[in-house]
2 protein chains.
Amino acid sequence: MSGRHSKNDLERTADDDVLHDLEDRWEEPSASALRWHKDLDVRELDCDSTPGWDGDREEAERLIAAHATELDDLQERLFADGRTGGGRAVLLMLQGLDTAGKGGIVRHVIGLVDPQGVQHHAFGVPTEEEAKHDYLWRIRRALPKPGYIGVFDRSHNEQVLVVRVEGLEPEETWQKHYDEINAFEAEVAAAGTTIVKIALIVSKDEQKARLAERLERPDKYWKYNPGDLETRAKFADYLDAYQDMLERTSTDVAPWHVVPADKKWFARLAVTELVLSALRALDLGWPPAEFDVEEQKKLLEEN
Amino acid sequence: MSGRHSKNDLERTADDDVLHDLEDRWEEPSASALRWHKDLDVRELDCDSTPGWDGDREEAERLIAAHATELDDLQERLFADGRTGGGRAVLLMLQGLDTAGKGGIVRHVIGLVDPQGVQHHAFGVPTEEEAKHDYLWRIRRALPKPGYIGVFDRSHNEQVLVVRVEGLEPEETWQKHYDEINAFEAEVAAAGTTIVKIALIVSKDEQKARLAERLERPDKYWKYNPGDLETRAKFADYLDAYQDMLERTSTDVAPWHVVPADKKWFARLAVTELVLSALRALDLGWPPAEFDVEEQKKLLEEN
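Residues numbered from 1 in each chain as written. Chains lettered and ligands numbered in written order. Predicted model: local features only at pLDDT ≥ 70, side-chain atom pairs only at ≥ 80, totals over all residues. Heavy atoms only, no water.

Moving on, we come to the relation of the copies chain A and chain B. The two copies are related by a screw motion: chain A maps onto chain B through a turn of 180 degrees and a shift of 0.0 Å along the axis, at an RMSD of 0.0 Å. Given the turn and translation reported, the copies of this chain are related as if by a two-fold rotation axis. A shared binding surface is used by both copies, with 100% of the interface residues of chain A retained as interface residues in chain B. (Least-squares fit on C-alpha atoms with pLDDT ≥ 70 in both. Contact = heavy atoms within 4.5 Å.)

Put into structure tokens, the structure is as follows:
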């Protein structure tokens, strides 16, 4: 796929066969297998399942490795497009409860591409300056520029999650956010940005195991916050809020994907494939030369 | 080195022996072998040399791979430190003429660590807004926050390079910048940021070959700009400016390192080792728990 890797034809054929076999472990394309639909209730999701994927962990890891080259190549095409006047970008929005694995996704999936082409933002409690503005203010400022893959670790979606569950705003206020979010995302999509929204859903039992691990390992203490237990006590309320968010903000231009997250390897595979799928859909070539190639060759030769 | 990787003692010993042999290919630590000193004139540098390194390309690539785990581990410790109130950061400043390989360094070296812990900025021609301010304004805004590795692809150093060579300011103005840069960097270092300045020096012949490659390959056209030839025509002037920059802004708190860049593999090895060396010098442990671990375990068990 990439012009940067030279292989002889025999190798390419063998590699392609292996790749094809691995890709066939998807019984259905990831983008449709994982897309939220009205019959999908996250409160009843089997978080240990692997929707659409018929392979095991080892095959998943091999497919990620096999797709890494294409991902890297397509990211560079996107970057090149942005550098030469193109207006397209990709925005990956990750949403998930504590320990759902957003950080690991960024590390292992986004870590596959050139850091020069990534704009990553983690949204926490608004700073004093941010709190003075409308909640979309800091989001707009962080939108990926043309050519970039933007990654949002949490986002404006918290406005119908933590804000609702913790009662940070009255209901009549947060109820308006669903429509505002849809209008905002439609505007972003219309401006040329492909939106990939992913809700990582971890089970309450698996969350307990992951929090317990943080308490067992001194190199993980820094990731633990006693407040995590207060949030955990409202696990069911959060899932209610997730379900409403999915129902009310999954749109044609910005659909939600639901990724069961108890198997970290599956969550990583799923996000890799969804991002790859979004990049493939852009169908990007390499920008043509905006100069006379032969003339430049001659000038370079003389210089 | 990393607490995250469990190996039995026998494996650890074997791995450590291999690592030790590879590290021994440095005849002198990279930080001293590559540090600019007053007898080093970049106009006479052998850009194909590998100062301090006695190994070959394959050994260099194996050492980078072997050090990747430690780099990743130390970056996470730095991040954890920043999250728990620490004030330290690392700032890698890359400077180099066209085709010197800054982009490849970011892709291959910075790509080894978690993108969540990296703040990357490429500084081009100032935007309209940037041009309204002092040249350090945009630099200050891009300084890495505590816990982060900042990467500057070009920086305020251009104020004594392109600004001087292209005559964008009168000499009496740019002559003042050397002292201003030193004062600024001393301030940044005093605030807790370790500065790693690297000048990648490519030879004029190698630059020609790399520009020619961009003109041969349609997937590289976007990286080529006819203006590159105008800059190339002033190659000697730029090297004069580099030499003065090295002489006048290499300080104890922000020394310059000169990396011959005709061998891409060596430049990548050199930068990996210099960043690793800066992180090691921070001597970071894991932050202690700021809560009662046993109490939290009990609360989690009940929840």
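What follows continues from the structure just given.
Take helix 9 (residues 204-216) of chain A next. The end-to-end C-alpha separation of helix 9 of chain A is 18 Å, in line with the 18 Å expected for 13 residues at 1.5 Å each. Burial in helix 9 of chain A covers these residues: Gln207, Arg210, Leu211, Arg214 and Leu215 of chain A. The arc that holds every buried residue of helix 9 of chain A, seen down its axis, measures 145 degrees, which confines them to one face. Pointing more than 90 degrees away from the buried face of helix 9 of chain A are the exposed residues Asp205 and Glu216 of chain A. On its buried face, helix 9 of chain A is in contact with helix 10 (227-232), helix 11 (235-249) and helix 12 (264-282) of chain A together with helix 13 (293-302) of chain B. (Helix = DSSP H or I, 4+ residues; strand = E, 2+ residues; numbered from the N terminus. Expected span 1.5 Å × (residues − 1). Buried < 20%, exposed > 50% of the residue type's maximum accessible area, 1.4 Å probe, protein only. Arc of directions from axis to C-beta.)

Another aspect to go through is a negative patch on the surface. The grouping of Asp16, Asp17, Asp21 and Asp24 of chain A at the surface amounts to a negative patch. Looking at the element boundaries, Asp24 of chain A is found in the loop between helix 1 (9-23) and helix 2 (30-33). (Patch = residues over 30% accessible without salt bridge, like charges linked within 9 Å, V, L, I, M, F, W, Y side chains within 5 Å. Areas by Shrake-Rupley, 256 points an atom, 1.4 Å probe, with all protein chains shown as cover. Salt bridge = Lys/Arg side-chain N within 4 Å of Asp/Glu carboxyl O. Lys, Arg positive; Asp, Glu negative; His and termini not counted. Charge placed at Lys NZ, Arg CZ, Asp CG, Glu CD.)

Residue and element names in this part refer to chain A. In space, the 5 strands of this open sheet follow the order 2-3-1-4-5, with parallel pairing throughout. Since the sheet does not close on itself, it has two edges, and those belong to strand 2 (118-122) and strand 5 (256-260), each with one partner. Going from strand to strand, the sheet's axes swing by 20 degrees on average, the running direction of each strand aside. In terms of strand pairing, strand 4 (residues 193-201) meets strand 5 through 5 bridges, oriented parallel. Of the residues in strand 5, the one forming a bridge with Ile201 is Pro260. Taken strand by strand, helix 8 (residues 171-190) contacts strand 1 (89-96) and strand 4, and its axis lies near 135 degrees from that of strand 4. (Pairing = 2+ DSSP bridges. Axes fitted to C-alpha atoms, helices over the stretch in contact; angles between N-to-C directions.)

A word on the pattern of salt bridges. Counting across every chain of the model gives 58 salt bridges over all chains. Glu76 of chain A serves as the salt-bridge partner of Arg107 of chain B, at 3.6 Å between the closest nitrogen and oxygen. Of this pair, Arg107 of chain B sits in helix 4 (residues 102-108) while Glu76 of chain A sits in helix 3 (residues 57-83), on two different chains. Residue Glu187 of chain B is joined to Arg140 of chain B by a salt bridge in which the shortest nitrogen-to-oxygen separation is 2.7 Å. Separated by 47 residues along the polypeptide, Glu187 of chain B in helix 8 (residues 171-190) and Arg140 of chain B in helix 6 (residues 137-142) bring together distant segments of the chain. Taking relative accessible area as the criterion, Arg140 of chain B reaches 41% and is therefore assigned partly exposed.

The topology assignment puts Gln296 of chain B in helix 13. On the basis of relative accessible area, Gln296 of chain B is assigned to the buried category, the value being 7%. Sequence-distant contacts of Gln296 of chain B, defined by excluding residues within four places in its chain, comprise Leu215, Tyr224, Pro226 and Leu229 of chain A together with Phe291 of chain B.

This brings us to the interface of chain A and chain B. Taken together, the 47 residues of chain A in the interface contact 47 residues of chain B. For the pairing of chain A and chain B, the buried interface totals around 4300 Å² over both sides, and the portion due to carbon and sulfur atoms is 61%. Among the secondary structure elements, those contributing two or more residues to the side of chain A that touches chain B are helix 3, helix 4 (102-108), helix 9, helix 10 and helix 13 (293-302) of chain A. Looking at the side of chain A that touches chain B, its residues break down into 23 nonpolar, 8 polar and 16 charged. (Buried area = accessible area lost by both parts, 1.4 Å probe. Nonpolar A, V, L, I, M, F, W, Y, C, P; charged D, E, K, R; others polar.)

Time to look at the packing of helix 8 of chain A against helix 11 of chain A. Residue and element names in this part refer to chain A. Two numbers describe how helix 8 lies on helix 11: the axes approach to 10 Å, and their chain directions differ by 45 degrees. Viewed along their axes, helix 8 and helix 11 adopt a mutual orientation that is oblique. The interaxial crossing formed by helix 8 with helix 11 has right-handed handedness. Across the interface between the two elements, Gln175, Tyr178, Ile181, Asn182 and Glu185 of helix 8 pack against Asp244, Met245, Arg248 and Thr249 of helix 11. The residue inventory of the contact of helix 8 with helix 11, partitioned by class, reads 3 nonpolar, 3 polar and 3 charged. (Parallel < 35°, antiparallel > 145°, perpendicular 65-115°, else oblique. Left-handed = near helix turned anticlockwise from the far one by under 90°.)

Within the structure shown, the criterion is met by 18 aromatic pairs over all chains. Taking 5.3 Å as the distance between ring centres and 65 degrees as the angle between the ring planes, the aromatic pair formed by Trp26 of chain A and Trp53 of chain A counts as edge-to-face. Taken together, the positions of Trp26 of chain A in the loop between helix 1 and helix 2 and Trp53 of chain A in the loop between helix 2 and helix 3 put the pair 27 residues apart, joining distant regions of the chain. Taking relative accessible area as the criterion, Trp53 of chain A reaches 4% and is therefore assigned buried. Ring plane angle 75 degrees and centroid distance 6.5 Å describe the contact between Trp174 of chain B and Tyr178 of chain B, whose orientation is recorded as edge-to-face. Here the residue Trp174 of chain B and the residue Tyr178 of chain B both occupy positions in helix 8, the gap between them amounting to 4 residues, near one helical turn. Pair check on accessibility: Trp174 of chain B and Tyr178 of chain B agree, each one buried. By way of ring pairs, the aromatic residues Trp26, Trp53, Trp265 and Phe266 of chain A are connected into one cluster. (Phe/Tyr/Trp six-rings, centres within 6.5 Å; stacked < 30°, edge-to-face > 60°.)

Residue and element names in this part refer to chain B. Read from one edge to the other, the open sheet built from 5 strands follows the order 2-3-1-4-5, with strand pairing classed as parallel. Edge positions in the open sheet fall to strand 2 (118-122) and strand 5 (256-260), since each of these has one partner strand only. Within this sheet the neighbouring strands show an average axis-to-axis angle of 20 degrees, counted without direction. Bridge analysis of strand 1 (residues 89-96) against strand 4 (residues 193-201) gives 8 bridges, and the strand direction is parallel. If you follow Met93 over to strand 4, its bridge partner there is Lys197. Sitting on the sheet, helix 8 is in contact with strand 1 and strand 4, with an inclination near 135 degrees to strand 4.

Along the chain, the position of Thr99 of chain B falls in the loop between strand 1 and helix 4. Sequence-distant contacts of Thr99 of chain B, that is, excluding residues within four places in its chain, are made with Val202, Gln207, Arg210, Leu211 and Arg214 of chain B.

Our next topic: unusual backbone geometry. One non-glycine residue, Arg154 of chain A, lies in positive phi territory at about 70 degrees. Checked against the element boundaries, Arg154 of chain A lands in the loop between strand 3 (149-153) and helix 7 (162-165).

Here strand 5 of chain B lies mainly inside the structure; 5 of its 5 residues are buried. Burial along strand 5 of chain B is two-sided: the face carrying Trp256, Val258 and Pro260 of chain B and the face carrying His257 and Val259 of chain B are both buried.

Residues and elements named next belong to chain A. In contact at an axis separation of 9 Å, helix 3 and helix 12 are set at 30 degrees when each is read in the N-to-C sense. Taken as axis vectors, helix 3 and helix 12 run roughly parallel relative to one another. As for how helix 3 packs across helix 12, the hand of that crossing is left-handed. Here Arg57, Ala60, Glu61, Leu63, Ile64, His67, Glu70, Leu71, Leu74, Gln75 and Leu78 of helix 3 come into contact with helix 12, specifically with Trp265, Arg268, Leu269, Thr272, Glu273, Val275, Leu276, Leu279, Arg280 and Leu282. Among the residues forming the contact of helix 3 with helix 12, the class breakdown is 12 nonpolar, 3 polar and 6 charged.

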